[in-house]
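Understanding the architecture of this molecule
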Amino acid sequence: MRESKKFQKRSEDFTCEKCGAKVKGTGFTNHCPKCLWSRHMDVNPGDRASTCRAMMKPIAAISYGTEYVLVHECVKCGHRKRNKTSPEDSMELVIHYSSKPLKD
Ligand SMILES: [Zn+2]
Ligand SMILES: [Zn+2]
């Protein structure tokens, strides 16, 4: 018998596997506003087609004027992705990561 557990909800409320915070999904954000960790879900933005599903750690934040973009790196496959920050994100942490040099 196949498992009937529904584990892919489109509304995307999720519990952060890094810090345990309950995150309310907006459909745009897929990272935790408390610790900024994300999850490798997409092949193309928003498609949730990745089979990796590993955690993605924030490695840097890049500022574009007043906006910040977080760079996440998958702990399993090394895939890198940029994510816009949202107003709920911990600004303290965003600034912390923005001071980190991005190594290529
Ligand atoms: Zn978290
Ligand atoms: Zn991955």
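The rules behind these values
Residues numbered from 1 in each chain as written. Chains lettered and ligands numbered in written order. Predicted model: local features only at pLDDT ≥ 70, side-chain atom pairs only at ≥ 80, totals over all residues. Heavy atoms only, no water. Salt bridge = Lys/Arg side-chain N within 4 Å of Asp/Glu carboxyl O. Helix = DSSP H or I, 4+ residues; strand = E, 2+ residues; numbered from the N terminus. Buried < 20%, exposed > 50% of the residue type's maximum accessible area, 1.4 Å probe, protein only. Donors = N, O, S within 2.8 Å, 3.2 Å for Na, K, Ca; no water.

Taken as a whole and judged by the stated rule, the model has six salt bridges. Measuring nitrogen to oxygen at the nearest pair gives 3.8 Å for the salt bridge that ties K24 to D13. Taken together, the residues span a long stretch of sequence, with K24 in the loop between β2 (22-23) and β3 (38-39) and D13 in the segment before β1 (14-15) at a distance of 11 residues. A relative accessible area of 67% means that K24 is categorised as exposed. For E67, the salt bridge identified is with K84, shortest N-O distance 3.8 Å. Residue E67 is located in strand β5 (residues 67-74), and its partner K84 is located in strand β6 (residues 80-84); the two are separated by 17 residues in the primary sequence. Residue K84 is classed as exposed on the basis of its relative accessible area of 57%. Salt bridges sharing common partners tie together D42, R48 and K81.

What follows covers the coordination of the zinc ion (ligand 2). Within the protein, H40 (ND1), C52 (SG), C74 (SG) and C77 (SG) serve as the donor atoms for the zinc ion (ligand 2), at 2.0 to 2.4 Å. Site description for the zinc ion (ligand 2): donor spacing in sequence, H-x11-C-x21-C-x2-C. Residue C52 is found in the loop between β3 and β4 (55-64), and its partner C77 is found in the loop between β5 and β6; the two are separated by 25 residues along the sequence. Under the relative-accessibility criterion, C52 is labelled buried at 16%. Of the residues examined, C77 reaches a relative accessible area of 48% and is grouped as partly exposed.

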